[in-house]
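# A closer look at the structure
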Amino acid sequence: EHQLDALLKARRWQWTAIVLATLLLALLGALVVRQVVRMRRLNVLALTDALTGVANRRSIERFGAAAIARARASGEPLTALAFDIDHFKRVNDASGHVAGDRVLARVAQACQDALRQGDVLARIGGEEFLVLLPRTRLDQAVPIAERLRLAVSALNLSDLGGTLAVTISLGMAELRGEEDLEALVRRADHALYRAKDRGRDRVEVEA
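The structure contained in this document is the topic of the report that follows. (Residues numbered from 1 in each chain as written. Predicted model: local features only at pLDDT ≥ 70, side-chain atom pairs only at ≥ 80, totals over all residues. Heavy atoms only, no water.)

### Focus on the sheet that holds strand 4 (residues 168-174)
Whether parallel or antiparallel, the strands of a sheet pair through hydrogen bonds between backbone atoms. Note the threshold: The pairing criterion for strands is at least two bridges between them, as found by DSSP. A run of DSSP states H or I qualifies as a helix once it reaches four residues; a run of E qualifies as a strand once it reaches two. Both are numbered from the N-terminal end. For helices, the fitted axis covers only the stretch in contact; all axes are lines through C-alpha atoms, and the angles between them, taken along N-to-C directions, range from 0 to 180 degrees.
Pairing within the open sheet is mixed, and its 5 strands lie in the order 2-3-1-4-5. Of all the strands in the sheet, the pair left with one neighbour each is strand 2 (120-125) and strand 5 (203-206). Each strand of the sheet is rotated relative to its neighbour by a mean of 20°, with strand direction disregarded. In this sheet, strand 3 (residues 128-134) lies alongside strand 2 in antiparallel orientation, the contact comprising 5 bridges. Within strand 3, the residue paired with glycine 125 across the bridge is glutamate 128.

### Topic: the environment of asparagine 56
Definition in use: Nitrogen and oxygen atoms within 3.5 Å of one another constitute a polar contact, given that in protein one can donate a hydrogen and the other can accept it, and given that sequence-neighbouring residues count only through two side-chain atoms.
Mapped onto the elements of the fold, asparagine 56 is located in the loop between helix 1 (2-46) and helix 2 (57-74). Separated by 56 residues in sequence, asparagine 56 and glutamine 112 have C-alpha atoms that sit 14 Å apart. Side-chain polar atoms of asparagine 56 contact the backbone nitrogen of arginine 58, separated by 3.3 Å. Polar contacts involving the side chain of asparagine 56 include one to the main-chain amide nitrogen of serine 59, which spans 2.8 Å.

So, in structure tokens, the structure goes:
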């Protein structure tokens, strides 16, 4: 009887230990999952512009390097589209920086909605944006740029102050030769400067 009683006690302790170990493993698993989710969220935040919700400079540089490598390997085209908001300083001066921030966010959203799946929009500083269009030739990119321009000019910003309205100027260039992302964006910027010099609210192409 003593041996049987000791055996039963030992078995109860074994089951208790198994239950506790299972609970501990479940707790550790939950902590690991929570940490993984947290790390993914931090990674997304690190690659996203906090104000507009689109990609940031770091993200577009990473995407651009990979897109150029794919384009060279496959022989497919790649076009870069640079744009900024015309006379944005006037928006801040007339309506305040809070309204200016909201304009930036709405412009980014309007352009994001007008792009195709696979196109990447990034805010790279102030009121400056960059779009990378994989598998897209320059002639195919022109109507996309016009769609962005029209989407922004059609924005209703009356709730931000009176007759407030904004437009964007755009420049674009297609990847050529062995140039890197910096060189490609520089040519798109040249076209953007021409668009500004020629009256703004227009698209210019760098051949």
